[in-house]
Every structure is written in structure tokens, then in C-alpha cells.
Amino acid sequence: MIDFKYLAKKYSTPLYIYDFNHIKNQFTQMKDAFKARKSIISYAVKANSNLSLIKYLAKLGAGADCVSINEVKRALKAGVKNYNIIFSGVGKSDFEIEEAIELNILMINVESEAELDRVETISKILDKEARISIRVNPNIDAKTHPYISTGLHSSKFGVEIDVAKRMFIRAHNSQYLTPIGVHFHIGSQLTELEPILEASSIVADLVRNLKALKIDIKFFDIGGGIGIKYDDEKTIPPNNYAQIILSTLKGLDVTIICEPGRFIVGNSGYFLTKVLYEKVNGENSENRFVIVDGAMNDLLRPSLYNAYHKIELLDREENESKCNIVGPICESGDFFAKDITLPESKHNDLILIHSTGAYGFTMSSNYNSRPRVAEIAIVDGEDYLIRKREKFEDLIRDEIDFLDKL
Ligand code: LLP
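Every chain is numbered on its own, with residues counted from 1 as its sequence reads. With the structure being a predicted model, the display of local features is reserved for residues of pLDDT at least 70 and the display and counting of side-chain atom pairs for 80 or more, all residues being used for whole-chain, interface and lining totals. Computation of side-chain values: all heavy atoms of the structure, hydrogens and water removed.

Draft legend 1. The pattern of salt bridges, seen in detail. By convention in these notes, a salt bridge is any Lys or Arg side-chain nitrogen within 4 Å of a carboxyl oxygen on Asp or Glu. Under the definition given, this model contains 22 salt bridges. Glu102 is paired through a salt bridge with Lys128; the nearest N and O atoms lie 4.0 Å apart. Of this pair, Glu102 sits in helix H5 (residues 94-102) while Lys128 sits in the loop between helix H6 (113-126) and strand S6 (130-135), placing them 26 residues apart in sequence. Judged by relative accessible area, Glu102 falls into the partly exposed class, the value being 43%. A relative accessible area of 29% places Lys128 in the partly exposed class. Note on conventions: DSSP H or I runs of at least 4 residues are helices, E runs of at least 2 residues are strands, and numbering of each starts at the N terminus. Burial status follows relative accessibility: with a 1.4 Å probe on protein chains alone, a residue under 20% of its type maximum counts as buried, one over 50% as exposed, and anything between as partly exposed.

Draft legend 2. Examining the site of the ligand more closely. Definition of nearness: a residue and a molecule or strand are near each other if at least one heavy atom of the residue lies within 4 Å of the molecule or strand. Near the ligand you find 19 residues, and of these Ser188, Glu259, Arg301, Tyr305 and Tyr359 are the closest. Under this definition, polar contacts are N or O atom pairs within 3.5 Å; protein pairs additionally need one hydrogen-donor-capable and one acceptor-capable atom, and for neighbouring residues in sequence, both atoms have to be side-chain atoms. The contact in question runs from an oxygen atom of the ligand to an N or O atom on the side chain of Lys46, over 3.5 Å. Residue Glu259 places a side-chain N or O atom 2.6 Å away from a nitrogen atom belonging to the ligand. Surface exposure here means Shrake-Rupley accessible area, sampled with a 1.4 Å probe, where a residue is shielded only by the protein chains that are shown. Coverage of the ligand by the protein amounts to 91% of the 590 Å² it exposes when considered alone. The cavity where the ligand resides is the largest pocket. Residues belonging to the shell around the ligand are distributed by class as follows: six nonpolar, seven polar and six charged. In this entry, domain limits derive from an automatic or database-based domain assignment. Two domains each put at least three residues into the shell around the ligand: domain 1 (4-15 + 267-396) and domain 2 (34-260). In this analysis a 1.4 Å probe is tested at points of a 1 Å grid over the protein atoms alone, and where it fits but cannot get out there is a cavity; an open set with protein on both sides within 12 Å along at least five of seven lines is a pocket; lining residues have an atom within 4 Å of a point. In this scheme, a molecule is assigned to a cavity or pocket if more than half of its atoms are within 2 Å of the grid points. Lys, Arg, Asp and Glu make up the charged group, whereas Ala, Val, Leu, Ile, Met, Phe, Trp, Tyr, Cys and Pro make up the nonpolar group; the residues left over, Gly among them, are polar.

Draft legend 3. Focus on helix H1 (residues 4-11). Within H1, burial applies to Phe4, Leu7, Ala8 and Tyr11. Taken end-on, H1 shows its buried residues confined to a sector of 100 degrees, consistent with a single buried face. Those residues of H1 that are exposed and aimed more than 90 degrees away from the buried face are Lys5 and Lys9. Here the buried face of H1 lies against strand S1 (15-19), strand S10 (269-280), strand S15 (350-354), strand S16 (374-379) and strand S17 (382-387). Phi for Ser12, located one or two positions after H1, is positive at around 70 degrees. Note that the arc is computed from the directions linking the helix axis to the C-beta atoms. In this description, contact between two residues means that some pair of their heavy atoms is separated by no more than 4.5 Å.

Draft legend 4. Helix H7 (residues 161-173), seen in detail. To estimate how far a helix should reach, multiply one less than its number of residues by 1.5 Å. With 13 residues, H7 ought to run about 18 Å at 1.5 Å a step, and its terminal C-alpha atoms sit 19 Å apart, in line with that. Residues Val163, Ala164, Met167, Phe168 and Ala171 constitute the buried set of H7. Down the axis, H7 shows its buried residues gathered within 140 degrees of arc, on one side only. Exposed side chains of H7 directed beyond 90 degrees from the buried face belong to Asp162 and Asn173.

Draft legend 5. Spotlight on the side chain of Asn50. Take Asn50: it is sitting in the loop between strand S2 (39-44) and helix H3 (51-59). For Asn50, a relative accessible area of 8% gives the class buried. Those residues within four positions of Asn50 in sequence are excluded, and the remaining contacts are Arg74, Glu375, Ile386 and Arg387.

Draft legend 6. Up close: the sheet that holds strand S3 (residues 63-66). A barrel is described by the order of its strands in space; here eight strands give the closed sequence S2-S3-S4-S5-S6-S7-S8-S9, paired in parallel fashion. Put simply, the sheet's adjacent strands are angled 30 degrees from each other on average, direction ignored. Pairing between strands is defined by DSSP: at least two bridges between the two strands are required. With axes taken as lines fitted to C-alpha atoms, and helix axes fitted only over the stretch in contact, angles between N-to-C directions fall between 0 and 180 degrees.

Draft legend 7. Quick peek at a nonpolar patch on the surface. Only residues whose relative accessible area exceeds 30% and that form no salt bridge enter a patch; like-charged residues are grouped when within 9 Å of one another, and nonpolar side chains (Val, Leu, Ile, Met, Phe, Trp, Tyr) when within 5 Å. On the surface, Ile400, Phe402, Leu403 and Leu406 cluster together to form a nonpolar patch covering roughly 530 Å² of accessible area. Assignment of secondary structure puts Leu403 in the segment after helix H12 (392-396). Judged by its relative accessible area of 55%, Leu403 is exposed.

Draft legend 8. Examining unusual backbone geometry more closely. In this structure, Pro14 follows Thr13 across a cis peptide bond, with omega equal to -10 degrees. Structurally, Pro14 can be placed in the loop between H1 and S1. Of note in the backbone geometry, Ser12 takes a positive phi value of approximately 70 degrees without being a glycine. Within the secondary structure, Ser12 is located in the loop between H1 and S1. Taking relative accessible area as the criterion, Ser12 reaches 35% and is therefore assigned partly exposed. Phi is positive for Asp380, which is not a glycine, with a value near 45 degrees. You can see Asp380 is positioned in the loop between S16 and S17. Judged by relative accessible area, which is 62%, Asp380 ranks as exposed.

Draft legend 9. Here's a closer look at the pairing of S17. Here S16 runs beside S17; their pairing, made up of five bridges, is antiparallel. Residue Ile378 lies in a different strand from S17, and its bridge partner there is Asp383. Remark: two residues form the turn of the hairpin made by S16 and S17, two consecutive strands paired antiparallel; Asp380 in that turn has positive phi of roughly 45 degrees.

Draft legend 10. Structural view of the nonpolar core. By convention a nonpolar core is built from buried Ala, Val, Leu, Ile, Met, Phe, Trp, Tyr and Cys residues, the set being connected through side-chain atoms within 4.5 Å. With 98 residues, the main nonpolar core has Phe34, Phe220, Tyr241, Ile325 and Ile351 as its most contacted residues. A per-element tally of this core places helix H8 (residues 194-212) first, with seven residues. In this structure, this core is formed jointly by two domains, domain 1 (4-15 + 267-396) and domain 2 (34-260), each of which donates at least three residues. With residues near it in sequence (within four places) discarded, Ile325 still touches Val290, Val292, Ile311, Phe335, Phe336, Ala337, Ile340, Leu342 and Ile351. Judged by nonpolar contacts, the second largest core, of 15 residues, contains Leu7, Tyr11, Leu314 and Ala374.

See the structure below:
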């Protein structure tokens, strides 16, 4: 049991709190699910990129899936082995490709023919081999929120299967490129197995085709995306997920790479915020607003995706009624929940927002000149500060006062 009241007193609010024991448990479950094969569980750093958290996973043997060169550097700094790091993304800049080649990571996941050209040109200039994988867009509806659905041709990600084949042949014939992997990621917060099975079958067939052409693909990267329970969703047990994937790989000697983000950290996280005020606007009691000290800049998912997060008012039970939980930001979109039932609250009461370990802090900003909040790790019941709360000085540190020089 985490003592949220104690943590609020010790570190103040708003606050992100992560249960590292839960993280370990999730990682181990995923690793075990694939034990029938060689596998790398490459944690998707974008979900939560705190160095201590990545380091903790690296010690458990995790790799890293990165979408910018700075994520690659975070992973390396946290102790992830270079040969367990993948660099994906539709828009890598030249300098990022260059550094990725220099840093000798496992592979650059290429997402277009134009990008393959750039990688080849850059590796030629550096006179250094670039190991690559190609991201296939299998044109499959992942049946998740449109903003986090990535496997259809209408989305910007990857290339269609025929283009991928052409790219593999080109890379195979290049002096500088070494194609070693194939990749797909059809979306995030996936709760259905069928689209995963379809995508994996299509991509496995591609690997068989390539084998016939003597192009030996060693890494079968299934992306991330396995969903978690925010509410009462039916989720996919890791063992079923692994079995479905493995069923498509008969006769193929490949290492599985899996890139879970949300599954590893999502349910480990809590966002703790404090009630400032309550008010009712106008006659309609449904216009009850509970105003808290956290805001959309700290946790954007409700505003951006209308995402549901379970919300609890700690230590109160009386006078329940419908309300909206809102923050201090000057936007009507600044809310954590609408129309939920909560007891009456008082100034300084604590509100706990669940399942905020993934895409919480990493999507936070300084909008309204709000400092980013502190982050706490809980390991075996002990609390550790893993990121300091920002101060006013941090917000203005990089600004340049040119007017003084006129
Ligand atoms: N691999 C690739 C190539 C990805 O694009 C992603 C997520 C992952 C792995 C990890 O997916 P996960 O296992 O965490 O579902 N901000 C959104 C989620 C965006 C996901 C982007 N890509 C949210 O808050 O729901």
C-alpha cells in the first residue's frame, strides 16, 4: 500500500508516483511469455523516459525502443546495451541518423524509401555499415483510438508490403546497408488479438519471401501496443499475445523484439493532485467543478484523447454528486474527468488519478508557465525522488534578454 498522504506532505503536489515493483512484474511477465524463443523486450522509452526508470528496466535486461536520438542517448545513459536499442520514427533528421550509426545501436528502423536513401548516403559518408530494419504498414485496423492507430495506409507510419520488399532487396545489394530486421506496430492500447494475428502473419510471409531471395532477417520486431486496464477493458494476457505471434513464425529462426511501453509502466503510475476549491456555476448542480492543482499540462491524455483515468477522492465519502475535475489552466479543455460522481471535497483534500505511468509525465509541458512536477519511485515500500519539481528559474533559464543589449 502506498501512503499517498505521506507522499503529498513530503513532496507536495502535483506529483507523479511510480510503483517500480509493478514495473518489474510487468516486464517479467512479458519476458516469460516469449521464453520459447530468443527475445528482446525493448521498452518504449516514449511512454516514460525517466532515467531511473529506464535504468531499473535495463538492470532487468530490457532493451529500448526509441523515437529520437535523445531517447537513444537516454537509454544508453541509463545502461541499456547498444545492441538492444532500436531507433524508429517517420522523420529522422540527418544528424540523428548519423549519431545512431556512430553509436552502433542494434538497428535503425526505416520508414520510407526516401529515408533508406538518406541512411545509405550517410553511412557512405561515415564509411560505416548501417544495420536497418524496415517498418511495414500491413494496412490493418487495430480497432483502437484513431490518434493511436498506426497500421492503416491512411496513417503516416511504415511502408506497404511491396515497397518493403523492394527496400529490402535494395538494402541487401547495398555496400553500406545491412537489413537485419522487419518491424510492424499497428497501434497502441490494443485489446483485440485478431488484428495482431493478421499483421504478424502478413509480415511473417514477407520474411519467408525474403528468405527465398537469400535475405536473412534475424529480428522480427512486433512493435508494442498491448493494452492495459484503465477501466473494465478486456485486456490481452501476455501469454496469449506471445502464442499468437509465435504461431505465425513456424519454420522461421528469428529473434522476437517486442516494444511495450504502456504495458510496462501504465498501471504503475499515479498522479496525485490536491483540491483547491469547489464551485457550482449557475442553477444547475451538474455544473459542479472540483478545481485541483494539477492540470492538462501535467497529464494531457483526458484533454487530448478524452481518455478515461480512474479518479479517487481520498478519505471522503459523504455527499456524493456529479462533478467535473478541472485544473487551473485557462482552457475549457483543461479537465481530468467530466460527469463523474465524487463525494464533497474540502480545500487540500487529495485526488488520486490512476494508471498514469505511461504518456503522463512524458507528454507534460510548461504551458501557463507551470513548472513540471516531481516524480517519485516506490521500491519495496521506500520512496525515492527521481525528478525534482521545476522552479521558476528552470522555466526562464534558456531565455535570452536581448533588450538589455540594445
Ligand atoms: N513501438 C512503436 C513503434 C510505437 O510507435 C509505440 C507507441 C510503441 C512501440 C509503444 O506503444 P505502447 O506499448 O506504449 O502502446 N500518447 C498515446 C500513445 C502513443 C503511442 C505512440 N507509439 C497515449 O497516451 O495513449
